[in-house]
Amino acid sequence: MAMELLLGTKLRLVFEAGINDEGKPVYKAKTFSNVKNEATTDQLFQAAQAISVLCKDTLNKVERNDSTEILA
């Protein structure tokens, strides 16, 4: 039976940095590594909001990226 092992978690914040010449939004992303694997969704969202206050661009999206290894 296969098992999965959680290797790490990253928090990715996507900011709207402005508008391009065609009128479409321009996005910039910042990724934070070494996030505790046990962090809840609410905790990550609170951290993202606290970080976004320090940035000049508007927070557009928050992503959680988990990396797992599948063991046989």
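If you're wondering where the values come from, they're calculated on a predicted model, not measured in any experiment.

Trainee: Whenever I open this one, the sheet that holds strand S3 (residues 58–71) confuses me. Can you help?
Mentor: Sheets are built from strands that pair by backbone hydrogen bonding, the pairs being arranged parallel or antiparallel. Here we have three strands laid out as an open sheet, ordered S2-S1-S3, and antiparallel in their pairing. Each end of this open sheet is capped by a strand with a single partner; those strands are strand S2 (25–35) and S3. In this sheet, adjacent strand axes meet at a mean angle of 25 degrees when their direction is disregarded. Relative to S2, strand S1 (residues 3–19) runs antiparallel, the two sharing nine bridges. Within S2, the residue paired with Glu-16 across the bridge is Tyr-27. Contacts between helix H1 (residues 41–53) and the sheet are confined to S1, S2 and S3, with S3 contributing the most and set at about 140 degrees to the helix.

Quick notes on the rules
- Throughout, residues of each chain are indexed from 1 in the direction in which the sequence is written.
- It should be noted that, the model being predicted, local features are given only for residues of pLDDT at least 70 and side-chain atom pairs only at 80 or more, the latter also being counted only at that level, while totals for whole chains, interfaces and linings use all residues.
- Neither water nor hydrogens contribute to the side-chain values; these are computed over all heavy atoms in the structure.
- For two strands to be treated as a pair, DSSP must find at least two bridges joining them.
- Numbered from the N terminus, helices here are DSSP runs of H or I no shorter than four residues, and strands are runs of E no shorter than two.
- Helix axes are fitted only over the stretch in contact, all axes being lines through C-alpha atoms; the angle between N-to-C directions runs from 0 to 180 degrees.
- Working rule for contacts: check all heavy atoms of both residues, and any pair within 4.5 Å makes them a contact.

Any link to function would need more than the numbers given here.
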